[in-house]
Amino acid sequence: RPESTSKPQPHRCPESSFVVGAMNLFRLAGDMLHLASILLLVIKLHKSKSCVGVSCRMQEMYAIVFCCRYLDLLWSFISVYNTVMKLVFI
């Protein structure tokens, strides 16, 4: 049996890793858009010094939704980015 003298082949990632990478790109884009919307709301409130047009009930509902959605922070750790973004959104 002859020894292999050929160059090692580069490791090829399965096609599913491309899908995961693409989903991470969409998640990043979604997180940044969500963050931008929160910042725009805060800037609007700060500039106008009024909360006219912003429903307190709706903000309370969003707070409830995000707290329930991100309950997994209490028992699982995925990444620093994931944890920080969840805490910012709450």
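What comes next concerns the included structure. (Residues numbered from 1 in each chain as written. Predicted model: local features only at pLDDT ≥ 70, side-chain atom pairs only at ≥ 80, totals over all residues. Heavy atoms only, no water.)

Another aspect to go through is the pattern of salt bridges. Here the structure, examined in full by the defined rule, presents 2 salt bridges. Linking Arg-27 and Asp-31 is a salt bridge whose minimum nitrogen-to-oxygen distance equals 3.7 Å. A residue pair is termed a helical-turn pair when its members lie 3 or 4 positions apart in one helix, as Arg-27 and Asp-31 do in helix H1 (residues 15-48) at 4 residues. Here Asp-72 ties to Lys-86 by a salt bridge, and the two come within 2.8 Å at their closest N and O atoms. On the criterion of sequence distance, the pair formed by Asp-72 in the loop between helix H2 (56-69) and helix H3 (80-89) and Lys-86 in helix H3 is long-range, its members being 14 residues apart. Each member of the pair, Asp-72 as well as Lys-86, is classed as buried. (Salt bridge = Lys/Arg side-chain N within 4 Å of Asp/Glu carboxyl O. Helix = DSSP H or I, 4+ residues; strand = E, 2+ residues; numbered from the N terminus. Buried < 20%, exposed > 50% of the residue type's maximum accessible area, 1.4 Å probe, protein only.)

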